[in-house]
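Report on the structure
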Amino acid sequence: DFERNTDEYDLYQAYAHIRPLPALQFDLGRQFVNQGFSVEIVDGVLATISPSDYLDVILYGGIPRSMEQGDFNKNDGLLTGMSLALRNVTNTNAQLHVAWRKFNQEISDWGANDQLRLGVNLSHQFGGAARPNLYGMAEYGVSSRLMEVGTAGIDLYPTNWFDMNAEFNYFNAPHDTD
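Residues numbered from 1 in each chain as written. Predicted model: local features only at pLDDT ≥ 70, side-chain atom pairs only at ≥ 80, totals over all residues. Heavy atoms only, no water.

Glancing now at the overall build of the protein chain. A count of helices and strands for the protein chain gives one helix and ten strands. Listing the helices and strands of the protein chain from first to last along the sequence gives β-β-β-β-β-β-α-β-β-β-β. The buried share among the 178 residues of the protein chain stands at 31%. Restricting the contact set of the protein chain to residue pairs at least 6 apart, pairs at least 24 apart contribute 37%. Working note: accessible area of the protein chain is about 10,800 Å², and carbon and sulfur atoms make up 58% of it. (Helix = DSSP H or I, 4+ residues; strand = E, 2+ residues; numbered from the N terminus. Buried < 20%, exposed > 50% of the residue type's maximum accessible area, 1.4 Å probe, protein only. Contact = heavy atoms within 4.5 Å. Areas by Shrake-Rupley, 256 points an atom, 1.4 Å probe, with all protein chains shown as cover.)

Let's shift gears to the pattern of salt bridges. Scanning all chains against the criterion turns up seven salt bridges. A salt bridge links Lys102 to Asp114, with the shortest nitrogen-to-oxygen separation between them at 3.5 Å. Of this pair, Lys102 sits in strand 6 (residues 92-102) while Asp114 sits in strand 7 (residues 114-125), and the two are twelve residues apart along the sequence. As far as burial versus exposure is concerned, Lys102 and Asp114 are alike and both buried. A salt bridge links Arg117 to Glu148; its shortest N-O distance comes to 3.3 Å. Pair noted here: Arg117 is in strand 7 and Glu148 is in strand 9 (residues 146-156), with a separation of 31 residues, a long-range link. Given the relative accessible area of 6%, Arg117 is considered buried. By relative accessible area, which is 2% here, Glu148 ends up buried. Ionic contacts of the salt-bridge type, sharing partners, join the residues Arg30, Asp43 and Arg65 into one network. (Salt bridge = Lys/Arg side-chain N within 4 Å of Asp/Glu carboxyl O.)

With that out of the way, let us pick up the sheet that holds strand 1 (residues 14-21). Across the sheet, ten strands lie side by side as 1-2-3-4-5-6-7-8-9-10; this open sheet has antiparallel pairing. Where the open sheet ends on each side, the last strands, each with one partner, are strand 1 and strand 10 (164-171). The average undirected angle you get between the axes of adjacent strands in this sheet is 15°. Two elements, strand 1 and strand 2 (residues 24-34), share six bridges in a ladder whose sense is antiparallel. What sits directly across from Ala16, in strand 2, is Leu28. (Pairing = 2+ DSSP bridges. Axes fitted to C-alpha atoms, helices over the stretch in contact; angles between N-to-C directions.)

Right, let's get into a nonpolar patch on the surface. Among the surface-exposed residues, Ile49, Leu55, Leu59, Met82, Leu84 and Leu96 lie close enough to one another that they form a single nonpolar patch of about 420 Å² accessible area. The residue Met82 is located in strand 5 (residues 78-86) in this model. Take Met82: its relative accessible area is 31%, and that puts it in the partly exposed class. (Patch = residues over 30% accessible without salt bridge, like charges linked within 9 Å, V, L, I, M, F, W, Y side chains within 5 Å.)

Let us now look at the pairing of strand 9. Of the pairings in the sheet, the one linking strand 8 (residues 133-141) to strand 9 comprises nine bridges and is antiparallel in character. Looking at the pairing, Tyr140 lines up with Met147 of strand 9. Taking the residues between adjacent antiparallel strands as the criterion, strand 8 and strand 9 are bridged by four residues, where Arg145 takes a positive phi near 60°. In this sheet, strand 10 lies alongside strand 9 in antiparallel orientation, the contact comprising eight bridges. Within strand 10, the residue paired with Thr151 across the bridge is Asn169.

Below you can see the structure in the form of structure tokens.
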């Protein structure tokens, strides 16, 4: 990074978007990466492969960055992951995620330094008078051996001017990042 005081600027995104083939896309640089369970700013690469009209395979890797915590000349660890995303299915979203975070690249203690997570998120909006939308997500910490987060909910749209929502959450996660 530049030799400047960290309060003088914040660079959140600056990346190149490259699509060498219709079914292959690369994003290189500082960017937001959605892991399914959280979003990180990463200096790295995100590749999207679309082997069919109904599936995206998303691979990413890079160095996580925390804008408000300053010094980027330290060992910020590593973040890699993969998502499988259903696409082009009417009113339906389904994704599976796996992410590995190494907090310090120089330490090899799996239990204290590494975090491996699995996640899923699903939603489907039905037709009919209230057009119910059912959704849910879950996150399992492989390294912590905990079901860390779970959400289930329903949205109802009985009229154009009135919506209802009920959501239920489970949270048991140590989301320490730096």
